[in-house]
Amino acid sequence: MYERLKSVGEAFRLPGKFYAYDTVKNGNINSTYKVTYRSDDGKLKSYVVQKINTNVFRNPEDIMENIDRVTTHMREHYPNEVTLHFHHTAEGKNYLYDNDGSFWRVMNYVDSITFDVCDDPAVISATGEAFGRFQNQLSDFDGSVLHETIPNFHNTHKRLDTLFDDVAENKLGRNGDAAEEIEFISSVRYQAGILSDRYANGTFPVRVTHNDTKSNNVLFDRITKRPIVVIDLDTVMPGMSVYDFGDAVRFICNTAAEDEPDVRRVYFDTSKFRAFCHGYLGAVRNSITKDESDNLVLGAFSITIELASRFLDDYLTGDTYFKVNYPGHNLVRTRCQLALARDIMRKKEELKWIVEETLANE
Ligand code: GN1
Ligand code: MG
């Protein structure tokens, strides 16, 4: 990897001498490295180098065009905020195809911390604030100029259809391992698809959304613990804000990791939900519609079922989409997400009440 990263750095004309690199183990799709260069006066400067998974992102140049448009918009409209800075090759491109056809990009490293698991209500609220502000910053951005980097990415109805087609095919004979999970998803299939159906038939607000609002996609200042910038703009596309909200709480309010094997440890933490709502609703209170706020909890439930069905589909079809660390990893992820979805369902009324109360007090 050393040689490859070095030659990518050369193509992007990174100044100084290649000094060190680290693999960043974050993300289930792309491969990420932190590389450090040393200048003649001994100063160190780091960059984030990423190899895009072109099996998932079929037209990676489109992602880079989207990111360029979105970050340019943010830089122009919010000049005091930190935006992501991507480097260019001698040909003036913000990406590189190397000799074996891999697709690379390079951005400045921002010294920061991220939270995979977080118990501090202030940080949880700040995460909500960061995603809420991100939503606001893109509220006057024309989404029609963006490429749909993964078509129907959060079309839950289609995702569920795909799952059940693959269940019917049972090509690897793995259905038996997941009989209970298939049964449960089938019992909530209609409910989980309501919002994406409304979106598809034009009766739910279209926003420009992030589409991958895990808390570790917000960089925080190490000392002040204030959010610096939202990262991972690969899936910025038109979508539903309630799914961005839902995906964020799915991740941050889980009492365990996203792939916790012991589902008895998996709960949806209502205090964390309260903290997240405080930050998020505070940031979007002037732009959120009643239809949206009424559907935040359904958004959380639907996206959790959607992700469970994506993990399960990947398991049933041979683990070709998400990186897996061991056989059965995708089934473990599925079970964890379903345990969480069940708990959201159980706590639905309480969660709705928290949303209403927070909105009333903001
Ligand atoms: C993938 O690789 P990462 O962590 O950015 C996936 C998301 C899932 C997430 C679950 C392009 O995101 O949709 O919610 O894993 N991204 C893509 O951890 O499919
Ligand atoms: Mg992502």
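Keep in mind it's a predicted model, so treat the numbers as computed, not measured. (Residues numbered from 1 in each chain as written. Chains lettered and ligands numbered in written order. Predicted model: local features only at pLDDT ≥ 70, side-chain atom pairs only at ≥ 80, totals over all residues. Heavy atoms only, no water.)

Enquirer: What's the story with the site of ligand 1 in this structure? I'm lost.
Expert: Near ligand 1 you find 15 residues, and of these Asn28, Lys214, Glu258, Arg310 and Tyr321 are the closest. The side chain of Lys214 places a nitrogen or oxygen atom 2.5 Å from an oxygen atom of ligand 1. In isolation ligand 1 has 440 Å² of accessible area, and contact with the protein removes 94% of it. Class assignment for the residues of the shell around ligand 1 results in 7 nonpolar, 2 polar and 6 charged. (Near = heavy atom within 4 Å. Polar contact = N/O pair within 3.5 Å; in protein donor to acceptor, adjacent residues only side chain to side chain. Areas by Shrake-Rupley, 256 points an atom, 1.4 Å probe, with all protein chains shown as cover. Nonpolar A, V, L, I, M, F, W, Y, C, P; charged D, E, K, R; others polar.)

Enquirer: Explain the nonpolar core to me, please; I cannot follow it from the model alone.
Expert: Grouped burial of nonpolar side chains is what soluble globular proteins tend to show. In terms of nonpolar packing, the biggest core is built from 93 residues, with Phe273, Phe276, Ile305 and Leu312 touching the most fellow members. With 13 residues, helix H10 (residues 296-317) is the largest single contributor of residues to this core. Setting aside residues no more than four positions away along its own chain, Phe276 makes contact with Ile124, Ser125, Thr127, Gly128, Phe131, Phe245, Ala248, Val249 and Ile252. Formed by 13 residues, the second largest nonpolar core is a distinct cluster that contains Phe18, Tyr33, Leu96 and Val106. (Core = buried A, V, L, I, M, F, W, Y, C linked by side-chain atoms within 4.5 Å. Buried < 20%, exposed > 50% of the residue type's maximum accessible area, 1.4 Å probe, protein only. Helix = DSSP H or I, 4+ residues; strand = E, 2+ residues; numbered from the N terminus. Contact = heavy atoms within 4.5 Å.)

Enquirer: Mind showing me how you'd approach a nonpolar patch on the surface here?
Expert: There is a patch of nonpolar side chains on the surface, built from Met1, Tyr2 and Tyr21 and spanning about 270 Å² of accessible area. Topologically, Tyr2 is positioned in helix H1 (residues 2-11). (Patch = residues over 30% accessible without salt bridge, like charges linked within 9 Å, V, L, I, M, F, W, Y side chains within 5 Å. Salt bridge = Lys/Arg side-chain N within 4 Å of Asp/Glu carboxyl O.)

Enquirer: For this particular structure, what's the right way to read the pairing of strand S2 (residues 31-38)?
Expert: In summary, the side chains of a regular strand alternate between the two faces of the sheet. Two elements, strand S1 (residues 17-24) and S2, share 7 bridges in a ladder whose sense is antiparallel. Residue Tyr21 lies in a different strand from S2, and its bridge partner there is Val35. As judged from the 8 bridges shared by S2 and strand S3 (residues 44-52), these two strands associate in the antiparallel manner. Paired with Val35 across the two strands is Tyr47, which belongs to S3. Hairpin connection between S2 and S3: a loop of 5 residues separates the two successive antiparallel strands, and Gly42 in this loop has a positive phi of roughly 90°. (Pairing = 2+ DSSP bridges.)

Enquirer: Which parts of the structure should I look at to understand the packing of aromatic side chains?
Expert: Geometrically, a pair of aromatic rings is defined through the distance of the ring centres and the angle of the planes. Evaluated as defined, the whole model comprises 16 aromatic pairs. The ring of Tyr315 carries the charged tip of Arg174 above its face, separated from the ring centre by 4.7 Å. Geometry around Phe184 places Arg342 over its ring, the cationic atom sitting 4.1 Å from the centre. (Phe/Tyr/Trp six-rings, centres within 6.5 Å; stacked < 30°, edge-to-face > 60°. Lys NZ or Arg CZ within 6 Å of the ring centre and 35° of its normal.)

Enquirer: Explanation requested: unusual backbone geometry in the structure shown.
Expert: Note on backbone geometry: most residues besides glycine have negative phi, and most peptide bonds are trans. Of note in this structure, Arg13 is not a glycine but carries a positive phi near 55°. Its location among the elements puts Arg13 in the loop between H1 and S1.

Enquirer: Explain the coordination of the magnesium ion (ligand 2) here, please?
Expert: In an ideal tetrahedron of four donors about a metal, each angle is 109.5 degrees. In an ideal octahedron of six donors, the angles are 90 or 180 degrees. Coordination of the magnesium ion (ligand 2) by the protein involves Asp212 (OD) and Asp232 (OD), with metal-donor separations of 1.9 to 2.0 Å. Here Asp212 is found in the loop between strand S6 (207-209) and strand S7 (218-220), whereas its partner Asp232 is found in the loop between strand S8 (227-230) and strand S9 (237-239), with 20 residues between them in sequence. (Donors = N, O, S within 2.8 Å, 3.2 Å for Na, K, Ca; no water.)

Enquirer: I would appreciate a short explanation of helix H5 (residues 179-187) in the present structure.
Expert: It helps to recall that an α-helix has 3.6 residues per turn; residues three or four apart then point in one direction. Inspection of H5 places Glu181, Ile182, Phe184 and Ile185 among the buried residues, and these make up the whole buried set. The buried side chains of H5 occupy one side of the element, clustering within an arc of 165° when seen end-on. Projecting away from the buried face of H5 at angles above 90 degrees are the exposed residues Glu180, Glu183 and Ser187. (Arc of directions from axis to C-beta.)

Enquirer: I would appreciate a short explanation of the sheet that holds S2 in the present structure.
Expert: Where strands meet in a sheet, backbone hydrogen bonds hold them as pairs that are either parallel or antiparallel. Spatially, S1-S2-S3-S5-S4 is the arrangement adopted by the 5 strands of the open sheet, whose pairing is antiparallel. Single-partner strands in this sheet number two, and they are S1 and strand S4 (96-97). Bridge count between S3 and strand S5 (residues 103-108): 6 bridges; the pairing is antiparallel. Bridge pairing in S5 places Lys51 opposite Trp104. Contacts between helix H2 (residues 60-77) and the sheet are confined to S3, S4 and S5, with S5 contributing the most and set at about 20° to the helix. (Axes fitted to C-alpha atoms, helices over the stretch in contact; angles between N-to-C directions.)

Enquirer: Would you take a moment to explain the pattern of salt bridges for this structure?
Expert: Using the criterion set out here, one finds 23 salt bridges in the structure. The salt bridge partner of Arg174 is Asp319, with a shortest N-O separation of 3.2 Å. One end of the pair, Arg174, is in the loop between helix H4 (156-169) and H5; the other, Asp319, is in the loop between H10 and helix H11 (329-346), and 145 residues separate them in sequence. In this structure, the salt-bridge partner of Arg346 is Asp343, at a minimum N-O distance of 2.9 Å. A residue pair is termed a helical-turn pair when its members lie 3 or 4 positions apart in one helix, as Arg346 and Asp343 do in helix H11 at 3 residues. By relative accessible area, which is 2% here, Asp343 ends up buried. Through salt bridges with shared partners, a single network forms among Glu81, Glu129, Arg133 and Arg226.

Enquirer: Help me understand the packing of H4 against H10 in this model?
Expert: Geometry of a packed helix pair, given as the angle between the helix axes and the separation of the axes. Following both chains from N to C, one finds H4 and H10 inclined at 30°, their axes separated by 9 Å at the closest point. One element, H4, and the other, H10, form an angle in the roughly parallel class. Taken as a pair, H4 and H10 cross one another with a handedness that is left-handed. Here Thr156, Arg159, Leu160, Thr162, Leu163, Asp166 and Val167 of H4 lie close against H10, whose contacting residues are Ser302, Ile305, Glu306, Ser309, Arg310, Leu312, Asp313, Leu316 and Thr317. (Parallel < 35°, antiparallel > 145°, perpendicular 65-115°, else oblique. Left-handed = near helix turned anticlockwise from the far one by under 90°.)

Enquirer: Could you clarify how one ought to interpret the environment of Asp234 in this entry?
Expert: Within the fold, Asp234 resides in the loop between S8 and S9. For Asp234, a relative accessible area of 4% gives the class buried. Along the chain, Asp234 and Leu172 lie 62 residues apart, while their C-alpha atoms are 31 Å from each other. Setting aside residues up to four positions removed in sequence, Asp234 forms contacts with Asn30, Phe57, Ile63, Ile67, Arg105 and Thr149. Here Asn30 takes part through its side chain, which lies 3.1 Å from a polar atom of the side chain of Asp234.

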